[in-house]
Amino acid sequence: KQEVTQIPAALSVPEGENLVLNCSFTDSAIYNLQWFRQDPGKGLTSLLLIQSSQREQTSGRLNASLDKSSGRSTLYIAASQPGDSATYLCAGTFSSNTGKLIFGQGTTLQVKP
Amino acid sequence: DVKVTQSSRYLVKRTGEKVFLECVQDMDHENMFWYRQDPGLGLRLIYFSYDVKMKEKGDIPEGYSVSREKKERFSLILESASTNQTSMYLCASSALNRGTEAFFGQGTRLTVV
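Cut-offs and rules
Residues numbered from 1 in each chain as written. Chains lettered and ligands numbered in written order. Predicted model: local features only at pLDDT ≥ 70, side-chain atom pairs only at ≥ 80, totals over all residues. Heavy atoms only, no water. Helix = DSSP H or I, 4+ residues; strand = E, 2+ residues; numbered from the N terminus. Buried < 20%, exposed > 50% of the residue type's maximum accessible area, 1.4 Å probe, protein only. Contact = heavy atoms within 4.5 Å. Areas by Shrake-Rupley, 256 points an atom, 1.4 Å probe, with all protein chains shown as cover. Lys, Arg positive; Asp, Glu negative; His and termini not counted. Charge placed at Lys NZ, Arg CZ, Asp CG, Glu CD. Salt bridge = Lys/Arg side-chain N within 4 Å of Asp/Glu carboxyl O. Polar contact = N/O pair within 3.5 Å; in protein donor to acceptor, adjacent residues only side chain to side chain. Pairing = 2+ DSSP bridges. Axes fitted to C-alpha atoms, helices over the stretch in contact; angles between N-to-C directions.

Moving on to the overall build of chain B. What chain B contains, in helices and strands, is zero helices and 11 strands. Its helices and strands in sequence order give chain B the pattern β-β-β-β-β-β-β-β-β-β-β, from N to C terminus. In terms of its C-alpha atoms, chain B occupies a principal-axis envelope of roughly 40 × 25 × 25 Å. Taking all 113 residues of chain B together, 50% fall into the buried category. Within chain B, residue pairs in contact and separated by at least 24 positions form 55% of the contacts whose partners lie at least 6 positions apart. As displayed, chain B offers around 5,500 Å² of accessible surface, 49% of which is attributable to carbon and sulfur atoms. The averaged location of the 15 negative side-chain charges in chain B is 5 Å from the averaged location of its 16 positive side-chain charges.

Residues and elements named next belong to chain B. Counted by the stated rule, this structure contains nine salt bridges over all chains. Across the salt bridge formed by Arg44 and Asp38, the nearest N and O atoms sit 2.9 Å from each other. Residue Glu69 is joined to Lys53 by a salt bridge in which the shortest nitrogen-to-oxygen separation is 2.5 Å. Pair noted here: Glu69 is in strand β7 (residues 64-70) and Lys53 is in the loop between β5 (42-51) and β6 (54-57), with a separation of 16 residues, a long-range link. A relative accessible area of 52% places Glu69 in the exposed class. Connected through salt bridges with shared partners, the residues Asp28, Glu30 and Lys71 form a single ionic network.

When the parts of a complex come together, some accessible area is lost, and that lost area is often used as the size of the interface. Contacts between the two partners involve 24 residues from chain A and, on the opposite side, 24 residues from chain B. Counting across the interface, chain A meets chain B through zero salt bridges. Counting the contacts that link chain A with chain B gives seven residue pairs in polar contact (both at pLDDT 80 or more). For the side of chain A that touches chain B, the secondary structure elements donating two or more residues are β4 (30-38), β5 (44-51) and β9 (86-94) of chain A. At five residues, the largest contribution of residues to the side of chain A that touches chain B is made by β4 of chain A.

Attention now moves to the sheet that holds strand β3 (residues 19-25) of chain B. Within a sheet, adjacent strands bond to each other through the backbone by hydrogen bonds, running parallel or antiparallel. Residue and element names in this part refer to chain B. Spatial ordering of the open sheet is given by β1-β3-β8-β7, a layout of four strands whose pairing is antiparallel. Each edge of the open sheet carries a strand with a single partner, namely β1 (4-6) and β7. Across the sheet, the mean angle separating the axes of adjacent strands is 20 degrees when strand polarity is ignored. Two strands pair when backbone bridges link them, and β7 and strand β8 (residues 73-78) are joined in this way by five bridges, in the antiparallel orientation. Bridged to Tyr64 within β8 is Leu78.

Bringing the pairing of β5 of chain A into the picture now. All names here are of chain A. Bridge count between β4 and β5: seven bridges; the pairing is antiparallel. Its bridge partner lying in β5, Gln34 is registered against Leu49. Here β4 folds back onto β5, and the loop between the two strands holds five residues, one of which, Gly41, carries a positive phi near 75 degrees.

Moving on, we get to the sheet that holds strand β6 (residues 56-59) of chain A. All names here are of chain A. Pairing in this open sheet of five strands is antiparallel, and the strands run β1-β3-β8-β7-β6 from one edge to the other. Sheet topology places β1 (4-5) and β6 at the edges, where each strand pairs with a single neighbour. Direction of pairing for β1 relative to strand β3 (residues 19-25): antiparallel, over a ladder of two bridges. When the bridges of β3 are listed, Thr5 appears paired with Ser24.

We now examine the environment of Ile46 of chain B. All names here are of chain B. Mapping Ile46 onto the fold places it in strand β5. In this structure Ile46 comes out as buried when scored by relative accessible area, which is 0%. Taking C-alpha positions, Ile46 is 4.9 Å from Pro61, a pair spaced 15 residues apart along the chain. For Ile46, the residues in contact, after removing those within four places along its chain, are Trp34, Tyr35, Arg36, Lys57, Gly58, Asp59, Ile60, Pro61, Tyr64, Leu76 and Tyr89.

Pasting the structure below:
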């Protein structure tokens, strides 16, 4: 069974710190991996998409990496700000399914001023 | 700007009512999805559709049905609402190619009383 796991469930850091969020998956036949942000009571906002042929993607202060052989992806946030406080979800699409996203449980990040 | 729009942000319905949740996307995407999100359980796939009039069950289809009569619109139907269907419902769309990005609507918070 394909599973996506995010640890820790919650993280609290002081403003300005660089941080890494982790995502692991059980099936190395991953097609792509997507990182999302969710604010309380809201929908999901797409942050970064990494194709299986790519190693990383960058957008502003965000950098996401993908290592298929180890079954891991990381989301690096540089110089964190209080506005980065949200839940971050990773989701994979695997070769055996039809575009369905399989989600991790998310990491809730709090950045303290 | 790409857009997935869900018809309601908040809904309150009575037990036994038939409930329709509507989702419209303007990106000409083939794939559309309905997820529900519950604390501690994460996002779970209810149904998805990869073409007009085509549908496939997700992980938790019981108590739900779907309709896709037009490419841009995907409806989730609760045949007889029950209190255990109180949840956040999220609609998403993506292009047919599995490598493309998925986009989500703003979510519908449904309360069944």
